[in-house]
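The primary structure of each chain is shown beneath.
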Amino acid sequence: QHIHTVGGDGQSLYSGTVAIDTTTATGGYTLTDPARGNGWTTDANNKTDSIWCQIFGIGCPVASRFTDADNHWGTGTTASRQSAAVDAHYGAAKTFDYFKVNYDRNGIFNDGKGVQSRVHYGTNYVNAFWDGTKMTYGDGDGVVAGPLVSIDVAGHEMSHGVTTATANLTYSGESGGLNEATSDIFGTFVEFSANNTSDPGDYYIGEEIMKDRPALRYMDKPSKDGNSKDCWYSGIGNIDVHYSSGPANHFVYLLSEGSGAKTIGGLPHDSSTCNGTTLNGIGRDKVGKIWYRALTTYMTTSTNYAQARTATLNAATDIYGASSPERAAVAAAWSAVSVN
Ligand code: ASN
Ligand code: ZN
Ligand code: CA
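Thresholds, definitions, all that
Residues numbered from 1 in each chain as written. Chains lettered and ligands numbered in written order. Predicted model: local features only at pLDDT ≥ 70, side-chain atom pairs only at ≥ 80, totals over all residues. Near = placed C-beta within 6 Å. Helix = DSSP H or I, 4+ residues; strand = E, 2+ residues; numbered from the N terminus. Nonpolar A, V, L, I, M, F, W, Y, C, P; charged D, E, K, R; others polar. Contact = placed C-beta atoms within 7 Å. UniProt positions renumbered as here; feature names shortened; annotations may be inferred.

Identification of the chain as Neutral metalloproteinase from Kribbella caucasensis is taken from an unreviewed UniProt entry.

Below, the structure written as structure tokens:
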């Protein structure tokens, strides 16, 4: 049977009604995206990977395909198993597009191939993860969090794949914090780039999924989560990588937006600097270009905060020039999070 690219639509959980690319299949249509390297979305049927699956990739539960008769997917609520799949399929597409449009990167591995996204993983599973080849999303427990399929979380997890394929920042110590921050940074920039009115861009991570607090993490003031650090200090490499990411997230917020409080995406962003300086932002597009070039050209497995400062300064010199205001802004923003 001839496979045909089709523009479908879906009622997502967090992003309203969205356009999604699908293909014809037995029974109508299936969630395979031919416009983006045939990335596909499947139902994990609430099963979890066995330890054998996790370590050796054997005995993994079979994920089933979603099919739909009329190519109108989901209902916008969890009553339909398709709804979370719409979010995941949309998030994978928007992440693919973000890296292609902004950095001419052809997919996570830059090989033109899309990846698999599994939804409905486990029961009451409050996490999402990238396992090296594919995305997996839990449904949350309904108390702490709902299904973890929001676009910033999708962009976060898939950006782990980009990091692994490039700088391959070791997932512990300061390099681990930079690895986590890279995912928060690009996840956030993917959310902005989607320009979706139901889930507008902001510098919060997971504001759509969390039920018992406003968000999972906050780039404007990382310490708002109760654990993350706003400012670098000697010894930050000894805390969890999801908290040592704070200074780099804070750096990107300050470099993009400048210091001072403002409302972004309808949410309060209250940022002060660690050194009392006042900063003007250079905008997300330039910051993304600088971070991506630093990640892909200068960072390595062992890059620490001091070396990330140098990497981004080198990247800014390459793109904007050694005496550019952009390079000066990078230096000032790192100093504002105590990376001197
Ligand atoms: N959701 C987590 C993350 O991407 C999974 C993990 O602990 N690696 O950071
Ligand atoms: Zn992560
Ligand atoms: Ca967000």
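## A closer look at the site of ligand 1
With respect to spatial proximity, the complete set of residues near ligand 1 consists of N127, A128, F129, E157, H160, E180 and H242. Where the shell around ligand 1 is concerned, the elements lending two or more residues are β10 (128-130) and α3 (151-165). Its residues assigned to classes, the shell around ligand 1 shows 2 nonpolar, 3 polar and 2 charged.

## Quick word on the environment of E180
Along the chain, E180 falls in helix α4 (residues 173-194). Setting aside residues up to four positions removed in sequence, E180 forms contacts with V241, H242 and S245.

## Brief notes about the UniProt feature "active site" (unreviewed entry) in the chain
The residues that UniProt annotates with the feature "active site" (unreviewed entry) are E157 and H242. A maximum C-alpha distance of 12.7 Å among these annotated residues, which run over 86 residues, shows that they cluster at one spot. For E157, the position within the fold is in helix α3. Look past the residues within four positions of E157 in its chain and what remains in contact with it is A128, F129, W130 and M135. For H242, the location among the structural elements is in helix α5 (residues 241-244).

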